[in-house]
Amino acid sequence: MKNIFETIERNPVPVVIGLLFFHIIFAGLVSWIAHSSFLIQLHNMDLEENYLPGREHFWNFARDSIVFHLEAIDLVDAINSGAWGDWWSSSYGERQIGHPHVKWIALVYWLFGEENPFYFELINSVTWVASVVLIYLSARILFSQNVMVACFATSYLFFPSIILSSTQLLRDPFYVLGICGMIFGWVAIFNKDLKWKGALAIIISFLLLISIREYITPLLWSTFFICTVIFLLMRSIDGLPGLIMLMGISIISYQEGFLKVPAVNFVDNNSSIDETKAKERPKDNKAKESTQSFLGFAQEMWKVAGDDSMTEGFNKLREFKNEGPVLGMALSKFVLLEPIKYDGALGYISYLNKKLAIRLSLVRFGFRIENRYANSILDPNAQFMNIRELIAYLPRALQIGFLSPFPNLWVSRGTETGNLGRMMAGLETLVVYVVLIGFVAVLFMEIQILKSIAPILVFSGIIIILLGYAVPNVGAIYRMRQGFIIPFFMLGVFGLNLIFIKLKSKMSKN
């Protein structure tokens, strides 16, 4: 075994070429199966297992590929007509295509002169191999050149679900690459010899991540900004690379519109409310804040954190949940546009009730509608009206986010992936359970090693918990969580190695 790891270390170029060929051969096999009648129940079928013309060669677990494929065909038409500007801006006529990676699918189709999804393997293979290499390099730097641990740290990217996703037209492989680039960037920026490469890797990965999912920009920028300031004050990283990195991600965030958002007016954030009525609103709560004791104010804040004054409006939304997503969205806007009824600090709590708790409930409602035929729904009636309900649900969100799918689903039949998909997910989850034990061991045995990737751990952890709150479908959580579990998996492998060394030492003494 040791000789294998040494061979990998001594021959990086052949290993990388071998990985590329492995991925291409695997993608070819997946494409061949999709064009055959083998495993046809896992592709070319609707929910009632009826054959669907026009769905040929697309897998049920990668249904979004159909959308991306059709959008790419439109962009190929734009390229053929010489409208390269439309191709770059991902627009076709008056229709704006909201998936940035589609332009690259279209370019590959245009280059080969044929709209065959397998040709996108030209990009998919490089994306997957780059992710493997970045995790390997990150683990080698982080774990003191331990080649064996570095190799095992990449094993998550060899999970069947990861490789299968990386052979399709999905956004997920690019998201995984962005996470891997972030991990390498933060590990490298702490290294004196690689600090500039680390800063550049963070900036590029930041751009890649938010271009795929723009809505993560506030959380990603805030996490990195706060952590970088702390590291600079502690002199854990050099000032200039840290400042350049902050400047880069801030410029990108500004271009995306995040840093352009004006301050929130908590007196009345509903433009449809008459201004005279807003001026007549009593200011009792603001006055109370300045005169009451700290304990009394804290009690008042806790009371507001449990405010359920918008329950009636939200219940209206639940009453019409069977009427379709259009009416649901209309009612959700009604709920969110209700004015904030507190000023000052209490206004912030009331704002969080509305913009965080209720918004998470509305997102959860949307997923529930979208996945109404799925048989892996958890807590279908859960709703969050205020911060206190979010706090009460936190243990459950942690459990769902990190540990689902639970064992009872491992042997059941999946809606889109059948028994085979569920069994595969079960085996992968079992491995993750074992590796998470190693992560817990790191917290007790080598917690200082977390420092260099703390920003990506915090960001990934928050996203995984939010998935537990906002997504009631286990299958959706499993796919959306894939990239965010990587830093925990990498550290968990290191933790298992620490446990093994400690047990071996004790056994040798005996």
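The structure this text deals with has already been given above.
Bear in mind the structure is a predicted one, so any value in this text is a computation, not a measurement.

A.B. asks: Could you clarify how one ought to interpret the side chain of S165 in this entry?
C.D. replies: With respect to the secondary-structure elements, S165 resides in helix α8 (residues 160-165). Take S165: its relative accessible area is 6%, and that puts it in the buried class.

A.B. asks: I tried to follow helix α23 (residues 486-509) on my own but got confused; where do I start?
C.D. replies: Since one α-helical turn is 3.6 residues long, residues separated by three or four positions face the same way. Here α23 contains 24 residues, and its C-alpha end-to-end distance of 35 Å stays within 8% of the 34 Å for a straight helix at 1.5 Å per residue. I486, P487, F488, F489, M490, L491, G492, V493, F494, G495, N497 and L498 are the residues of α23 that are buried.

A.B. asks: I'm lost on helix α5 (residues 102-112) in this one. Help?
C.D. replies: Of the residues making up α5, those classed as buried are V102, K103, I105, A106, L107, V108 and Y109. Contacts from the buried residues of α5 go to α3 (64-80), α4 (84-88) and α6 (121-142). Directly beyond the C-terminal end of α5, a positive phi value near 70° is found at G113.

A.B. asks: I would appreciate a short explanation of the pattern of salt bridges in the present structure.
C.D. replies: Think of it this way: side chains of opposite charge can pair up when their charged atoms draw near. Counted according to the given criterion, the structure contains 5 salt bridges. Between R479 and D64 there is a salt bridge whose closest N-O contact spans 3.3 Å. Of the two residues, R479 sits in helix α22 (residues 474-481) while D64 sits in helix α3, which places them 415 residues apart along the sequence. Accessibility expressed as a relative area gives 23% for R479, which makes it partly exposed. For the salt bridge of K195 with D238, the shortest nitrogen-to-oxygen distance reads 2.6 Å.

A.B. asks: How do you make sense of the side chain of T217 when you look at a structure like this?
C.D. replies: With respect to the element layout, T217 can be found in helix α11 (residues 217-233). Looking at T217, its side chain comes within polar contact range of the main-chain oxygen of E214, at 2.6 Å.

A.B. asks: Help me out: how do you make sense of the packing of aromatic side chains in this one?
C.D. replies: The geometry of an aromatic ring pair comes down to the distance between the two centres and the angle between the two planes. Scanning all chains against the criterion turns up 26 aromatic pairs. Where F22 meets F26, the ring centres are 6.3 Å apart and the plane angle is 35°; that geometry is what we call tilted. Residue F22 and its partner F26 are located together in helix α2 (residues 12-34), separated by 4 residues, close to a single helical turn. Looking at F22, the relative accessible area reads 35%, which means it is partly exposed. Looking at F26, the relative accessible area reads 24%, which means it is partly exposed. The structure contains a cluster of three or more aromatic residues connected by ring pairs, namely W84, W87, W88, W104 and W110.

A.B. asks: Any chance you could explain the environment of L360 here in plain terms?
C.D. replies: Take L360: it is sitting in helix α18 (residues 344-370). Counting along the chain gives 107 residues from L360 to L467, while the straight-line C-alpha distance between them is 9.5 Å.

A.B. asks: What is the right way to read the packing of helix α10 (residues 195-212) against α11 from this model?
C.D. replies: Packed helix pairs are characterised by how far apart their axes lie and by the angle those axes make with each other. As a packed pair, α10 and α11 sit with axes 10 Å apart at the nearest point and diverge in direction by 160°. Regarding the angle of α10 to α11, the classification is roughly antiparallel. Crossing hand, α10 versus α11: right-handed. Contact with α10, carried on its side by I202, F206, L209 and I210, involves T217, L220, W221 and F224 of α11 and no other residues of that element. Classifying every residue of the contact of α10 with α11 gives 7 nonpolar, 1 polar and no charged.

Criteria and thresholds
Residues numbered from 1 in each chain as written. Predicted model: local features only at pLDDT ≥ 70, side-chain atom pairs only at ≥ 80, totals over all residues. Heavy atoms only, no water. Helix = DSSP H or I, 4+ residues; strand = E, 2+ residues; numbered from the N terminus. Buried < 20%, exposed > 50% of the residue type's maximum accessible area, 1.4 Å probe, protein only. Expected span 1.5 Å × (residues − 1). Contact = heavy atoms within 4.5 Å. Salt bridge = Lys/Arg side-chain N within 4 Å of Asp/Glu carboxyl O. Polar contact = N/O pair within 3.5 Å; in protein donor to acceptor, adjacent residues only side chain to side chain. Phe/Tyr/Trp six-rings, centres within 6.5 Å; stacked < 30°, edge-to-face > 60°. Axes fitted to C-alpha atoms, helices over the stretch in contact; angles between N-to-C directions. Parallel < 35°, antiparallel > 145°, perpendicular 65-115°, else oblique. Left-handed = near helix turned anticlockwise from the far one by under 90°. Nonpolar A, V, L, I, M, F, W, Y, C, P; charged D, E, K, R; others polar.

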